Amino acid sequence: MMNISHILMRARKNNDKYGHDMGNVVIRGVADAIKRSFPHEAVAMRYGGDEFVVLIPDCNEQKAKNMEKSFHKILKDMTSAKKLPFGIEASSGFVIAVDNSRSLDDYINEADEHMYQAKKRHKAQRD
């Protein structure tokens, strides 16, 4: 399971500066990157304003890391290809679901925590 979120504050600033149509370009771009980065059998859903959850069957940690890396590269390449006035960036976190006694919400919350840790690291690198 992977929880992916476009950096919320920047998304809001971009919407305010460039309009909601540009915000929709970003959301569609992230959705396209998900489609291109993850296997066909993965189930992806928009979980909230700018959050997506991707459920990937039969996935291990190395596969998840490779898919996460591919996802981020596609976003970077997309920014250049679309000549956007800002970068499409995402923070992501994943968790490998191995304990059947835990709920889907438990796993989403854990992946969410990993995502927020990544978001803090990205913010610190930009500052």
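The structure under discussion appears in the preceding block.
Moving on: helix α3 (residues 61-81). Here α3 contains 21 residues, and its C-alpha end-to-end distance of 30 Å stays within 8% of the 30 Å for a straight helix at 1.5 Å per residue. Those residues of α3 that sit buried are A64, M67, E68, F71, I74, L75, M78 and T79. Projection of α3 onto a plane perpendicular to its axis shows the buried side chains occupying an angular sector of 135 degrees, all on one side. Of the residues in α3, the exposed ones pointing more than 90 degrees away from the buried face are K69, K73, K76, S80 and A81. N-cap assignment for α3: the residue whose side-chain oxygen lies 3.1 Å from the backbone N of Q62 is N60. Of the residues one or two after α3, K83 is the one with positive phi, at around 55 degrees.

Rules used in this analysis
- Residues numbered from 1 in each chain as written.
- Predicted model: local features only at pLDDT ≥ 70, side-chain atom pairs only at ≥ 80, totals over all residues.
- Heavy atoms only, no water.
- Helix = DSSP H or I, 4+ residues; strand = E, 2+ residues; numbered from the N terminus.
- Expected span 1.5 Å × (residues − 1).
- Buried < 20%, exposed > 50% of the residue type's maximum accessible area, 1.4 Å probe, protein only.
- Arc of directions from axis to C-beta.
- Polar contact = N/O pair within 3.5 Å; in protein donor to acceptor, adjacent residues only side chain to side chain.

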